[in-house]
Amino acid sequence: MSGRHGTGSRTHPALTWGAVVVVAVVVVVGGYFGVQAVRAGSAGCDGTRQVSLAVDPTIAPVITDVLAQSDEVSRGCTDFEVRAEAPSDTAAELAGENTNRPDLWIPDSTLWLLKTLRSTGALPELAKSSVANTLPVVVSQDDSLPPAVTWLQVLQKQGQRIGDPLTSSASLASILGALAESEVAITDANAVSAALVPMAQDFGRIADTPHEVADLVKQVATDGGTSVSTEQSLVAYNDANPGAPLTASVPPTGSYFLNFPLAVTAAAGPDYDRAKDAGASLSSVLSTKSATDALTAAGFRQSNGTSLPDGKGVGSAASLELKNPLAIETTLRDWAVLALPLRTLVVEDVSGSMAAKSGDSTRIALTVDASLGANSLFSDQTEMGLWAFSIGLGGGNQDFRELVPLGPVSNMVDGVPQREAILSAIRTLPSLVGGGTGLYDTTLAAFRRVKEGYDPNYVNSVIILTDGANEDAGSPSLDELLATLQREQDPVRPIVIVTVGITTDADPVALQKISAATGGTSYIAEDPRDIPEVFVKALNSRTERVGGQ
């Protein structure tokens, strides 16, 4: 199988952010591990010791076979209990008080060690900085299609399959590749963030579908299209299916390599030195020619990242590196929030000023069009409701009217699906226009309504669209509203208020303060024709939820 080749000179796919720290660890402990490896092989074994070794499932079969073919002296008189384990599971074991934590760990990337540093405050020592290498690639059935020019272009491709970057290093690495491109002005960082929004929401819809790298390759073989996977998984699939090989490509900018480090993760105490000795011996075993040959045969590159032999894989590819360490954490945080389904109450202003002309249309007509178009952004997992508001609209002193109650879009409302009921109700908004703007009472009522049914599995929010300042003399003042929101906001059960001001007639200062009080964001559409674009931005602002916690 002839894959497409990236361009540019290859550099060693070493550690990325945190590289200085990790390399320092290697320098400090390298001499120790080398001495221990020699010492272990200098005599026969009077007995063997048991050491647990957690290994990423993609490389675990090769590690198991290599150890089975080695002798006990070269293994440092150690019996390794190899367990194929997702890195996310191992990281969770290390972060907690789990007694099942392994003595040694081979995740698929140093990224996992850095995540462990965040949760434990300690970076594991390295017995070997890289056991093997692979890289994210774009897998497809057709090798006649031109490869994407950048990783940003890959992420922007409609229908692009990708795994969960919270658990898949390959998926995260493709995103980090795009961010690395932005650091050298090849692409724009804001465009990368924007590309993640539909991807995360699509992923939320298919979260129950298998999405490990091997699964993504199989989906291409079955259904066509493209998937972000790894070179190793592509080669393994083609070796098992020589009659119908798939192809892979990498943008000419390069790729963010996965380096499979070997780390010592035993708990501090009397067994730690035993684990370090075992790590030194394992490092030595995995450096032998027979081990590297076995890894290459399984589709892994050697630790120096050289291309696979016999024309397999994608050939030479430059190594992308990310200089900003905060970008990784920010990316994961945003994805975690974006991939959550949305539980939101949309609150739309129908005060008299919404009838004002805007070109050949009106503010309310443009708002209706924007609301109808934005409905497609809500996945089938969404819970949503719709209110309209103007002074006295709800009867008596109540300024809001519930048009569709907050609930799953799959619910039935008066015999029709909730989504259809909301669309129908949006179309009736022009018939409700009249009266003053009862903004503050409505805002507090909407906040409390969403809080009543708070669901931790959703992003819980209120989206308010208005073209005016509060005109209800009987409502709380702005300061009283803000104080109440801050007092009633539960940091464990946060409710985000996103405000959209329609034209400069809105009160941008008040709207910004209302949103800020709950960790939300505020947008102003100075030209009513900008309402659709601004509304979409408001829907995508759920990442601000984190900032409000």
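Residues numbered from 1 in each chain as written. Predicted model: local features only at pLDDT ≥ 70, side-chain atom pairs only at ≥ 80, totals over all residues. Heavy atoms only, no water.

A. Structural view of the overall build of the protein chain. The number of helices and strands found in the protein chain is 19 helices and 18 strands. With 549 residues in all, the protein chain has 54% of them scored as buried. Expressed as a percentage of contacts within the protein chain between residues at least 6 apart in sequence, the contacts between residues at least 24 apart total 79%. With an accessible surface of roughly 22,100 Å², the protein chain has 52% of that area assigned to carbon and sulfur atoms. (Helix = DSSP H or I, 4+ residues; strand = E, 2+ residues; numbered from the N terminus. Buried < 20%, exposed > 50% of the residue type's maximum accessible area, 1.4 Å probe, protein only. Contact = heavy atoms within 4.5 Å. Areas by Shrake-Rupley, 256 points an atom, 1.4 Å probe, with all protein chains shown as cover.)

B. Inspection of the pairing of strand S1 (residues 49–55) at higher detail. With 5 of its 7 residues buried, S1 lies for the most part within the structure. In the sheet, S1 pairs with strand S2 (residues 78–84) via 7 bridges, with the strands oriented parallel. Looking at the pairing, Arg-49 lines up with Thr-78 of S2. In the sheet, S1 pairs with strand S3 (residues 104–106) via 3 bridges, with the strands oriented parallel. Residue pairing across strands places Ala-54 opposite Trp-105, the latter belonging to S3. (Pairing = 2+ DSSP bridges.)

C. Representation of unusual backbone geometry within the structure. Despite not being glycine, Phe-260 has its phi angle at roughly 45 degrees, a positive value. For Thr-503, which is not a glycine, the phi torsion comes out positive at approximately 70 degrees. By the element assignment, Thr-503 lies in the loop between strand S17 (496–502) and helix H17 (508–516). In this structure Thr-503 comes out as buried when scored by relative accessible area, which is 6%.

D. View of the state of the cysteines. Going through the model one piece at a time under the given rule, you end up with 1 disulfide. Between Cys-45 and Cys-77 runs a disulfide, and the two sulfur atoms are separated by 1.9 Å. Residues Cys-45 and Cys-77 are joined through a disulfide that is left-handed, its torsion about the S-S bond being -90 degrees. One end of the pair, Cys-45, is in the loop between helix H1 (19–40) and S1; the other, Cys-77, is in the loop between helix H2 (60–68) and S2, with 32 residues separating them in the sequence. (Disulfide = S-S within 2.5 Å.)

E. Here's a closer look at the sheet that holds strand S13 (residues 400–408). The sheet built from 6 strands is open, its strands ordered S13-S12-S9-S16-S17-S18 with mixed pairing. Each edge of the open sheet is held by one strand with a lone partner, namely S13 and strand S18 (522–525). Neighbouring strand axes in the sheet, compared pairwise and without regard to direction, differ in orientation by 15 degrees on average. On the sheet, helix H14 (residues 418–427) packs against strand S12 (383–389) and S13 and is oriented at approximately 160 degrees with respect to S13. (Axes fitted to C-alpha atoms, helices over the stretch in contact; angles between N-to-C directions.)

F. Geometry of the packing of aromatic side chains. Inspection of every chain in the model, using the stated rule, returns 2 aromatic pairs. Each ring, one from Phe-260 and one from Phe-300, has its centre 5.4 Å from the other, and the planes form 85 degrees; the classification is edge-to-face. Within this pair, whereas Phe-260 is found in the loop between strand S7 (247–249) and strand S8 (262–264), its partner Phe-300 is found in the loop between helix H11 (289–297) and helix H12 (326–338), the two being separated by 40 residues in sequence. The burial state of Phe-260 is the same as that of Phe-300; both residues are buried. Their ring planes at 5 degrees and their centres at 4.0 Å tell us that Trp-387 and Phe-400 sit as a pair that is stacked. Of the two residues, Trp-387 sits in strand S12 while Phe-400 sits in strand S13, which places them 13 residues apart along the sequence. (Phe/Tyr/Trp six-rings, centres within 6.5 Å; stacked < 30°, edge-to-face > 60°.)

G. Representation of the nonpolar core. Residues Leu-155, Leu-176, Leu-179, Leu-322, Ile-328 and Trp-335 are the most contacted members of the largest nonpolar core, which totals 35 residues. Breaking this core down by element, the ones donating at least two residues are helix H5 (151–156), helix H6 (169–183), helix H7 (189–205) and H12. Looking at this core element by element, the count peaks at 8 residues for H6. Counting 32 residues, the second-largest nonpolar core is a separate cluster that includes Val-350, Met-354, Ala-425 and Ile-426. (Core = buried A, V, L, I, M, F, W, Y, C linked by side-chain atoms within 4.5 Å.)

H. Expanded view of the confidence of the model for the protein chain. Of all residues in the protein chain, 87% attain a pLDDT of 70 or more, and the chain-wide mean is 84. Taken together, the stretch residues 1–42 has pLDDT below 50 and engages in 98 contacts with residues farther than four places along the chain or on a different chain. Note that pLDDT drops below 50 for residues 543–549; the model gives that stretch 20 contacts with residues more than four away or on any other chain. (pLDDT = per-residue confidence, 0-100.)

I. Quick peek at the sheet that holds S2. Here we have 5 strands laid out as an open sheet, ordered S2-S1-S3-S8-S4, and mixed in their pairing. For this open sheet the edge positions go to S2 and strand S4 (125–128), each flanked by a neighbour on one side alone. Geometrically, the sheet is characterised by an average inter-axis angle of 30 degrees between neighbouring strands, direction not taken into account. With 2 bridges connecting them, S3 and S8 associate as antiparallel partners.

J. A look at the environment of Leu-282. Along the chain, Leu-282 turns up in helix H10 (residues 272–286). Residues Leu-282 and Leu-104 lie 178 residues apart in sequence; the distance between their C-alpha atoms is 9.7 Å. Leave out the neighbours within four places in its chain, and Leu-282 touches Leu-53, Leu-67, Phe-80, Leu-104 and Leu-262.

K. Expanded view of the pairing of S18. Relative to S18, S17 runs parallel, the two being bridged by 4 bridges. Pairing of Gly-501 across the sheet is with Ile-524, part of S18. Following the chain from S17 across H17 to the adjacent parallel S18, one finds a crossover that is right-handed. (Right-handed = clockwise from strand over helix to strand, strands pointing away.)

L. Examining the packing of helix H16 (residues 478–488) against H17 more closely. Where H16 meets H17, the closest approach of the two axes is 9 Å, and the angle between their N-to-C directions is 15 degrees. Taken together, the axis directions place H16 and H17 in an arrangement best described as roughly parallel. Note that H16 runs across H17; the crossing there is right-handed. Counting all contacts with H16, which are made through Leu-478, Leu-481, Leu-482 and Leu-485, the residues of H17 involved are Ala-510, Lys-513 and Ile-514. (Parallel < 35°, antiparallel > 145°, perpendicular 65-115°, else oblique. Left-handed = near helix turned anticlockwise from the far one by under 90°.)

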